[in-house]
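# Coordinate inspection notes
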Amino acid sequence: MEKKESKKNENDLNEALTRVLNILEMEHREDLINNSEIFNQLLAAFSIDLVSQIIPTGIAPDYVGVHLGPSYDDYNFKQLIKSFKNNQILDPFYTLKILKDAKEKLEKLSNIQECLIEDPLESGCIVIGDLHGNFNDLNHIISKYGVPGADFKYIFNGDYVDRGEKQIEVLLTILYAFLIRPDRVFVNRGNHEDIQMNVRPWSKINFLNHHIER
């Protein structure tokens, strides 16, 4: 009985993933894609029963990684960085919370943001691009210039994922920093955050395949 149930869940998941890709392909082709609606479209492609299985309602009981507090602050950010340096995988509950909260904040912003350096006594602005999942580079920059937004304003100028070994960690680090100081941390989308770049069936290093393998 358990084997039949497991097979049914696997078939449901495969069908749902196929529907997700079809939705994204259609939206991209018709140039109707809306970043703020992507997550809603993904959830809509899954059945209610399947959503309850893949969306965690709490931290897994066997989770041994970092535990984050309810608020977004420098202390929790440094703990998150430390855990990623130690190759720990963040619990899905925390991961989805960061994605959800970042999505809600980004929805309220206009597509074009200005990073103004009005005070000459300010430290200035750090512009970072083309990380491509290289967490070590990101950690080196943060170690040198401090938590994003604390002393320096930061502009993350796209291409966070695709190719590297820690694509998810890079993305979560950037989004967490944005959630701490959304007025001093700016997040732009690069071409490697485009749907078409990350569902390429011939590539084994894009964000989709990297995520599935992990």
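Preceding this section is the structure that the text describes.
Anyway, here's the lowdown on the structure attached to this text. (Residues numbered from 1 in each chain as written. Predicted model: local features only at pLDDT ≥ 70, side-chain atom pairs only at ≥ 80, totals over all residues. Heavy atoms only, no water.)

It is worth spelling out the packing of helix α6 (residues 135–145) against helix α7 (residues 167–180) at this point. Contact geometry of α6 with α7 gives a least axis separation of 9 Å together with a crossing angle of 30 degrees. Compared by their axis directions, α6 and α7 come out roughly parallel. Facing α6, whose interface residues are F135, L138 and I142, α7 presents E169, V170, T173 and I174. When grouped by side-chain class, the residues that make up the contact of α6 with α7 number five nonpolar, one polar and one charged. (Axes fitted to C-alpha atoms, helices over the stretch in contact; angles between N-to-C directions. Helix = DSSP H or I, 4+ residues; strand = E, 2+ residues; numbered from the N terminus. Parallel < 35°, antiparallel > 145°, perpendicular 65-115°, else oblique. Contact = heavy atoms within 4.5 Å. Nonpolar A, V, L, I, M, F, W, Y, C, P; charged D, E, K, R; others polar.)

Given 3.6 residues per turn, any residue in an α-helix points the same way as the ones three and four places further on. Of the positions making up α6, those classed as buried are F135, L138, N139, I141 and I142. One side of α6 holds all its buried residues, which, seen down the axis, span an arc of 160 degrees. Turned more than 90 degrees away from the buried face of α6 sit N136, H140, S143 and K144, all of them exposed. Against α4 (74–85), β1 (125–128), β2 (153–157) and α7 lie the buried residues of α6. Immediately beyond the C-terminal end of α6, within one or two residues, lies G146, with a positive phi of roughly 95 degrees. (Buried < 20%, exposed > 50% of the residue type's maximum accessible area, 1.4 Å probe, protein only. Arc of directions from axis to C-beta.)

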